[in-house]
Amino acid sequence: MPNHQIDPNKWIDSYSDYLFNFTISRVNDRDLAKDLVQETFFAGLKSMKNFKGEASERTWLISILKRKIIDYYRKINSNKGKAEVRMNYNSSSESEGDWLEERVADPFDKTAEDSLENEELGDAIYNCLGKLPEKQATVFKMKTIEGIDTETICNELNITASNLWVIIHRARTTMASCMEKNWF
Amino acid sequence: MCTKMKINKACEKANHVCDKSQYKEATLLEKLKLMLHLVFCRACRNYSSTNKKLTTTIKDAKVDCMHKNEKEALKESLEKAIQEQQHQP
């Protein structure tokens, strides 16, 4: 007996931000992330019959998206790998200019561990955002993540400024306690 | 107004300014009043520190989301695809 139902009409509202953030933290290109998310939704739509309902819709879509990201890297590496010329300009045989500073580890450079932690943090934030009521999540995203100013949000959502701050306060309180449990 | 109600009102206002200052929308006077309130109120001090922590965490995570117009375009194309799929035999 399947536990989860599939409803593609709700995919954009429910999962697009989560999938987009998941993708952009792995490919670092906004347009490409949008394309991959779109491809994921289309692929999900095509293979809807294969959804058994054992996992949640989001988990199922993420598994498709992961495939898409792997395919993307496989594709660029096969093209790039053939054409790439590796220049090792700091070899010991070179007598002039061995760019010593290039050999020193950059303390501000992001390590794989840092980016992995960042990806996990992003996932944790989106998991907590998923627990907020829809309106709170929308306002919080617009204000905190997109950085849209108060007036624009009020006009767009047809709410007063004081209403917005009440929503923000409730969202921040819920987010903080959720992050406290899952991250801090 | 009883003292308890006055305290609640002051804390409510302090929390509101604290929220506003996370988005750099609090005025200097509001911030000064908040700092003064935080000296005496432990509950608001806790709220303020958690609030700041949340802001820093979200900033560090560099989370991103789709803009409204991008979502609408995606929604439109997905709806089209859903309809096409429904019409297929």
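Residues numbered from 1 in each chain as written. Chains lettered and ligands numbered in written order. Predicted model: local features only at pLDDT ≥ 70, side-chain atom pairs only at ≥ 80, totals over all residues.

## Looking at the overall build of chain A
Stage number 1. Scanning chain A for helices and strands turns up 8 helices and 0 strands.
Stage number 2. Mapped in sequence order, the helices and strands of chain A form the string α-α-α-α-α-α-α-α.
Stage number 3. Burial status across chain A gives 24% buried among its 184 residues. (Helix = DSSP H or I, 4+ residues; strand = E, 2+ residues; numbered from the N terminus. Buried ≥ 20, exposed ≤ 12 C-beta atoms within 10 Å, placed from the backbone.)

## Thoughts on the overall build of chain B
Stage number 1. A count of helices and strands for chain B gives 4 helices and 0 strands.
Stage number 2. Mapped from its N terminus to its C terminus, chain B presents α and β elements in the order α-α-α-α.
Stage number 3. By principal-axis analysis of the C-alpha atoms, chain B measures approximately 70 × 35 × 20 Å.
Stage number 4. By the burial criterion, 19% of the 89 residues in chain B qualify as buried.

## Some remarks on the interface of chain B and chain A
Stage number 1. Contacts between the two partners involve 27 residues from chain B and, on the opposite side, 33 residues from chain A.
Stage number 2. Those elements that place two or more of their residues in the side of chain B that touches chain A are α1 (3-22), α3 (42-61) and α4 (68-87) of chain B.
Stage number 3. Considering each element in turn, the side of chain B that touches chain A owes the most residues, 9 residues, to α4(B). (Contact = placed C-beta atoms within 7 Å.)

## Quick look at unusual backbone geometry
The bulk of non-glycine residues show a negative phi, and the bulk of peptide bonds are trans.
Residue and element names in this part refer to chain A.
Stage number 1. Even without being a glycine, Asn28 presents a positive backbone phi close to 60°.
Stage number 2. Looking at the secondary structure, you find Asn28 in the loop between α1 (11-27) and α2 (30-46).
Stage number 3. The phi torsion at Asn158 lies on the positive side, around 60°, for a residue other than glycine.
Stage number 4. Structurally, Asn158 can be placed in the loop between α7 (150-157) and α8 (161-182).

## Some details on the domain arrangement of chain A
The figure often quoted for interface size is the accessible area lost as the parts come together.
Residues and elements named next belong to chain A.
Stage number 1. Splitting chain A by domain gives domain 1 (1-83) and domain 2 (113-184).
Stage number 2. Inter-centroid distance (C-alpha atoms) of domain 1 to domain 2 is 23 Å.
Stage number 3. The interface of domain 1 with domain 2 comprises 5 residues on the first partner and 6 residues on the second.
Stage number 4. A class-by-class count of the residues in the side of domain 1 that touches domain 2 yields 2 nonpolar, 2 polar and 1 charged. (Domains from an automatic or database assignment. Nonpolar A, V, L, I, M, F, W, Y, C, P; charged D, E, K, R; others polar.)

## Remarks on the nonpolar core
Stage number 1. Within the largest apolar cluster, 36 residues are counted, with the highest numbers of intra-cluster contacts made by A:Leu19, A:Phe20, A:Val37, A:Ile125, A:Val139, A:Ile168 and A:Ala171.
Stage number 2. If you tally residues by element for this core, the top one is α1(A), at 8 residues.
Stage number 3. For this core, the two domains that each supply at least three residues are domain 1 (1-83) and domain 2 (113-184) of chain A.
Stage number 4. Look past the residues within four positions of A:Ile168 in its chain and what remains in contact with it is A:Val139, A:Phe140, A:Lys143 and B:Asp19.
Stage number 5. By size, the runner-up hydrophobic cluster in this structure holds 6 residues, among which are B:Ala14, B:Val17, B:Cys44 and B:Tyr47. (Core = buried A, V, L, I, M, F, W, Y, C linked by C-beta atoms within 7 Å.)

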